[in-house]
Amino acid sequence: MPEEVIVVRESKNLTGTVQISGAKNSALKLIAASILGQGESIIHNVPLISDIDIMCRVLERLGATVVREGHALRVDTTNVADKETPYELVSKMRASISALGPMVARFGHARMAMPGGCQIGARKIDMHLVGMSVLGVKFSVDHGFLEASAPNGLHGGEIMLEFASVGATENTMMTAVVAEGHTIIENAAREPEIVDLANMLNAMGCKVQGAGNSTIEIEGVPLSSLHPCEHTTVGDRIEAGTFLVGGALMGGPLRVEGINPSFLRMAIIKLKQMGCTVSTGDNWIEVSREGELKPTDIQTLPHPGFPTDLQAQFMLLCSLAKGSSLVTENVFENRFMFAEELMRMGADVNLEGHHAVVEGVDKLMGAPVSCSDLRAGAALVLAGVAAEGETVVHDIYHIDRGYEDYVGKLQSLGADVKRVKVGHSDVWR
């Protein structure tokens with residue numbers, strides 16, 4: 001089959017308004033949480049992306065019925081059974097591990113293929129297992145499958161996470177909601193997606209308090225008391241941040257709508273440090289820039305620190321700033337693979353362990369590049385918007401995992417960008 005690529009030509013500006021989709025990293029977990037509802041839950045504002053498709057297929061293999069109606073999903077988990085989650089699906093996406101907690105909570109057992117996903121670091125699931133083990137879950141690995149069971153039932157406990165892992169916090173929460181007694185999760189992740197999940201769990205009859213803080217407390221309830229619910233996914237802060245970087249890169253003004261500005265406080269601070277003007281409303285953020293981009297230092301940290309999922313996009317900004325910037329990656333060890341592709345376009349980046357020293361250059365040059373992961377792919381397309389000549393971005397299936405109609409949204413903002421099949425003679429008419 002011919003490869004589909006994104007071809008980008010230098011554009012004059014990115015300006016206008018773009019509607020932000022529902023958060024990928026929230027919707028995936030909300031779909032998994034519907035297992036606990038034991039009936040038909042309706043989830044609104046679900047993005048049309050390939051990762052969602054995979055998660056829906058995982059639930060269907062477990063016995064659920066999933067019907068999409070535009071940006072809403074009807075997920076009926078009445079007939080979900082204690083089945084094995086298949087390797088061919090789970091290996092494509094690490095987030096599928098989020099079905100582990102709900103399955104153990106509902107059936108006392110789960111068998112799941114070890115997860116896959118972007119090649120941006122080990123991202124081991126050890127912390128998921130540590131938290132759930134405190135609740136009475138026992139684990140074993142059998143020929144690439146993770147076996148989880150609670151032979152003596154689930155019980156509350158005090159859990160201290162070694163790192164504020166989003167996935168470990170979510171799986172522990174979804175297990176603890178039916179564990180007998182009281183559970184405390186210390187050093188819990190504080191991301192907005194955690195709050196969104198807690199809100200849906202509470203709408204299903206769970207008792208979760210403190211989400212969004214470093215300590216979450218859960219009072220276990222009987223599984224029989226849980227019920228389906230209707231819930232709306234929060235806006236995707238990473239998609240919003242990506243488009244804001246595009247506006248900062250090209251000058252704007254560019255507005256993103258459908259996002260809570262508090263989700264991006266650190267990113268907004270960095271945009272202002274780099275010479276941008278940023279204004280906000282209840283559900284929108286607007287960025288513009290008239291002067292030169294200024295250098296800044298960035299280090300990725302769990303929320304409310306600077307998000308690792310915006311590191312590549314901001315490295316792109318730093319590559320065109322007037323001066324030297326330092327980017328430190330503290331979350332995923334392989335995420336600097338993006339820097340090597342950016343250097344193909346003329347960026348001046350010196351990698352030293354988990355630090356990248358970025359010296360601003362006057363101009364980037366179009367070149368053939370490849371997506372190493374989801375966020376790197378989105379950033380490379382933006383780089384092509386600013387670069388001289390033509391940029392061809394390969395392996396764009398990564399982008400499709402997390403951005404709904406990325407090319408179409410960029411086109412609406414004035415970008416000269418198109419999806420094409422390699423080998424077509426009519427790439428540009």
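Note that the coordinates shown come from a computational prediction; the quantities given were computed from them, not determined experimentally.

What about empty space enclosed by the protein?
Per the counting criterion, the structure on display carries three cavities of 30 Å³ or more. Approximately 40 Å³ is the volume found for the largest cavity. What lines the largest cavity is S262, F263, L264, R265, M266, H303, P304, G305 and P307. Class assignment for the residues of the lining of the largest cavity results in five nonpolar, three polar and one charged.

A few points about the nonpolar core
One finds V256 and F314 to be the most contacted residues of the largest nonpolar core, which totals 74 residues. Here this core takes ten residues from helix α12 (residues 374-386), the largest share from any one element. Each residue touching F314, except ones within four places of it in the same chain, is listed here: V245, A267, K270, L271, M274, I298 and F306. Core analysis: the second largest hydrophobic core is formed by 69 residues, A33, M93, I159 and I218 among them.

Description of the packing of aromatic side chains
Tallied over the entire structure, the rule returns three aromatic pairs. Look at F306 and F314: their rings are 5.0 Å apart centre to centre, the planes differ by 90 degrees, and that puts the pair in the edge-to-face class. Considered together, F306 and F314 belong to a single accessibility category, that of buried residues. Here the aromatic residues F243, Y403 and Y406 are joined through ring pairs into a cluster of three or more. One residue, R111, lies across the ring of F145, its end atom 4.4 Å from the ring centre. A cation over an aromatic ring shows up here: R255 above the ring of W284, its NZ or CZ 3.7 Å from the ring centre.

A look at the sheet that holds strand β14 (residues 230-232)
Read from one edge of the open sheet, four strands run β4-β5-β3-β14, paired in mixed fashion. Of all the strands in the sheet, the pair left with one neighbour each is β4 (65-69) and β14. Shown here is a sheet whose adjacent strand axes are inclined to one another by a mean of 15 degrees, direction ignored. Where strand β3 (residues 40-44) meets β14, three bridges bridge the pair, whose relative direction is parallel. Bridge assignment links I42 to a residue of β14, and that residue is E230.

Regarding the sheet that holds strand β11 (residues 182-186)
Strand order in the open sheet formed by four strands is β10-β11-β13-β12, with mixed pairing between adjacent strands. A strand with exactly one partner marks an edge of an open sheet, and here the two such strands are β10 (158-160) and β12 (207-209). Across the sheet, the mean angle from the axis of one strand to that of its neighbour is 15 degrees, orientation sign disregarded. Inspection of the sheet shows β12 paired to strand β13 (residues 215-219) by three bridges, in the antiparallel sense. Paired with Q209 across the bridge in β13 is E217.

Structural notes on the packing of helix α10 (residues 311-319) against α12
Two elements in contact, α10 and α12, have axes whose closest approach is 8 Å; the angle formed by their N-to-C orientations is 30 degrees. Judged by the angle between their axes, α10 and α12 are roughly parallel. The hand of the α10/α12 crossing is right-handed. Touching A312, Q313 and L316 of α10 are R375, A376, A379, L382 and A383, all from α12. Of the residues contributing to the contact of α10 with α12, the split by class is six nonpolar, one polar and one charged.

Here is what the cut-offs are and how they apply
Residues numbered from 1 in each chain as written. Predicted model: local features only at pLDDT ≥ 70, side-chain atom pairs only at ≥ 80, totals over all residues. Heavy atoms only, no water. 1 Å grid on protein atoms, 1.4 Å probe; cavity = no way out; pocket = protein on both sides within 12 Å on 5 of 7 lines; lining within 4 Å. Points joined across faces, edges and corners; volume = space filled by probe spheres on them. Nonpolar A, V, L, I, M, F, W, Y, C, P; charged D, E, K, R; others polar. Core = buried A, V, L, I, M, F, W, Y, C linked by side-chain atoms within 4.5 Å. Buried < 20%, exposed > 50% of the residue type's maximum accessible area, 1.4 Å probe, protein only. Helix = DSSP H or I, 4+ residues; strand = E, 2+ residues; numbered from the N terminus. Contact = heavy atoms within 4.5 Å. Phe/Tyr/Trp six-rings, centres within 6.5 Å; stacked < 30°, edge-to-face > 60°. Lys NZ or Arg CZ within 6 Å of the ring centre and 35° of its normal. Pairing = 2+ DSSP bridges. Axes fitted to C-alpha atoms, helices over the stretch in contact; angles between N-to-C directions. Parallel < 35°, antiparallel > 145°, perpendicular 65-115°, else oblique. Left-handed = near helix turned anticlockwise from the far one by under 90°.

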